[in-house]
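# Structural characterization, general
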Amino acid sequence: MQRKAIVIGATGLVGQHLVKQLSELYDTLIVIARRPPRYINACMRFYQVNDFENLAEIFANVGVDRNTDAFSCLGTTKKQAGSDEAFRKVDHDYNVNFAKLCQDKGVENFFLLSSMNAEAESRFLYNRVKAETERTIMALDFAQLVIFRPSLLLGKHKGRPLESMGQKAFQLISPLVSESLSLHPISAKRVANAMAMSAHSIYERSKYRTEPMIRTTEIIENKQMLAMTRVKH
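A short tour of the structure in this document, coming up. (Residues numbered from 1 in each chain as written. Predicted model: local features only at pLDDT ≥ 70, side-chain atom pairs only at ≥ 80, totals over all residues. Heavy atoms only, no water.)

## A closer look at the environment of Phe52
In plain terms, the rule: Only DSSP runs of H or I with at least four residues qualify as helices, and only runs of E with at least two residues qualify as strands; both kinds are numbered from the N terminus onward. Residue exposure (1.4 Å probe, protein chains only): buried if accessible area is under 20% of the type maximum, exposed if over 50%, otherwise partly exposed. In this analysis, two residues are considered to be in contact whenever any of their non-hydrogen atoms come within 4.5 Å of each other.
Structurally, Phe52 can be placed in the loop between strand S3 (44-48) and helix H2 (55-59). Taking relative accessible area as the criterion, Phe52 reaches 3% and is therefore assigned buried. Separated by 44 residues in the primary sequence, Phe52 and Ile8 have C-alpha atoms spaced 9.9 Å apart. If we skip the residues at most four places from it in the chain, Phe52 touches Ile8, Ile32, Arg34, Leu74, Tyr94 and Asn97.

Shown next, in the form of structure tokens:
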């Protein structure tokens, strides 16, 4: 059986690391994005989409099926999107539409990049939309849904000056901050590693499963990602 993965958000901070990780685990890696990812290899099939409103048209030809794992790292900010409505369209509507299209094709395992502060009652739009996206995709009832909630992401944030300032401030005090703290910032590469590790773990367990699969939703918080990707010296 050939293993396949499909990814949206592959050119973002986490996504660009994730495609490299997944290319080492899957026989075929399907990438749907507005521009090609930085990392490309022979197993990758790239589909360019100018407007995610037309995602269904691309799905008609990508060959997604029940042997495909789906990953979403798609996200933006209100400043980048230009308005509350445009932000919600990307972070909620496009992610949910992608998940529904995957489900329609028989995809069983879905991996979603969210945020540590996803909270339905938050006074911040960003946090509320992240929580709504989680809740809507949970309701689709994938066999295995894994949600990743990182803290401040370390990496080059194009067009996100506040996050860049936060990173610089953290770099000054990082030697004094323990990774056991739940709010500890995490590199985008480590988040990608956690997503790839989780998918591989599910695959390995499935090879030895004799009982019917139990549908589960797992939320991997920032502290857990830090622990599972810690480099041991």
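Following the structure, the description resumes.
## Quick word on the packing of helix H4 (residues 84-104) against helix H5 (residues 125-138)
Our working definition: The convention used is that axes are lines fitted to C-alpha atoms, helices contributing only their stretch in contact, and that angles between N-to-C directions extend from 0 to 180 degrees. Each angle is binned into one of four classes, with values under 35 degrees roughly parallel, values over 145 roughly antiparallel, values of 65 to 115 roughly perpendicular, and all other values oblique. We call a crossing left-handed when the near helix sits turned anticlockwise from the far one by less than a right angle, and right-handed when that turn is clockwise.
The geometry of H4 relative to H5 is characterised by a closest axis approach of 10 Å and an angle of 15 degrees between their N-to-C directions. Here H4 is positioned roughly parallel relative to H5, judged by the angle of their axes. Once H4 is placed against H5, the crossing between them reads as right-handed. Mapping the contact onto sequence places Asp84, Phe87, Arg88, Asp91, His92, Asn95, Val96 and Ala99 in H4 and Leu125, Tyr126, Val129, Lys130, Glu132, Thr133, Thr136 and Ile137 in H5.

## With respect to the packing of aromatic side chains
Where we set the bar: Only Phe, Tyr and Trp rings are paired, with Trp represented by its six-membered ring, and only when their centres lie within 6.5 Å; those with planes under 30 degrees apart are stacked, over 60 edge-to-face, the remainder tilted.
In total, this model carries seven aromatic pairs according to the counting rule given. Ring geometry for Tyr26 versus Phe71: centroids 6.2 Å apart, planes at 85 degrees, classification edge-to-face. Taken as a pair, Tyr26 in the loop between helix H1 (15-22) and strand S2 (28-33) and Phe71 in strand S4 (residues 68-72) lie far apart in primary sequence, 45 residues in all. For the pair Tyr26 and Phe71, one class covers both residues: buried. Relative to Phe142, the ring of Phe110 lies with its centre 5.0 Å away and its plane at 25 degrees, an arrangement referred to as stacked. Taken as a pair, Phe110 in strand S5 (residues 109-113) and Phe142 in the loop between H5 and strand S6 (144-149) lie far apart in primary sequence, 32 residues in all. Each member of the aromatic cluster is reached from another via a ring pair, and the members are Phe59, Phe98, Phe110 and Phe142.

## Overview of the pattern of salt bridges
Quick note on the threshold: The working definition used for a salt bridge is a side-chain nitrogen of Lys or Arg within 4 Å of a carboxyl oxygen of Asp or Glu.
Throughout the structure, instances matching the rule amount to 12 salt bridges. With its nearest N and O atoms 3.3 Å apart, the salt bridge here joins Lys89 to Glu53. Placement of the pair is Lys89 in helix H4 and Glu53 in the loop between S3 and H2, with a sequence separation of 36 residues. Look at Lys89 and you get partly exposed, because its relative accessible area is 35%. Close ionic contact of Arg88 with Glu132 constitutes a salt bridge, the shortest N to O distance being 2.3 Å. Here Glu132 lies in helix H5 and Arg88 lies in helix H4, a separation of 44 residues in the sequence. Judged by relative accessible area, which is 28%, Arg88 ranks as partly exposed. A residue is classified by how much of its surface remains accessible, and Glu132, at 22% relative accessible area, is partly exposed. What you see here is one network of salt bridges that share partners, running through Arg88, Asp93 and Glu132.

In short, shape yes, function no, at least from these values alone.
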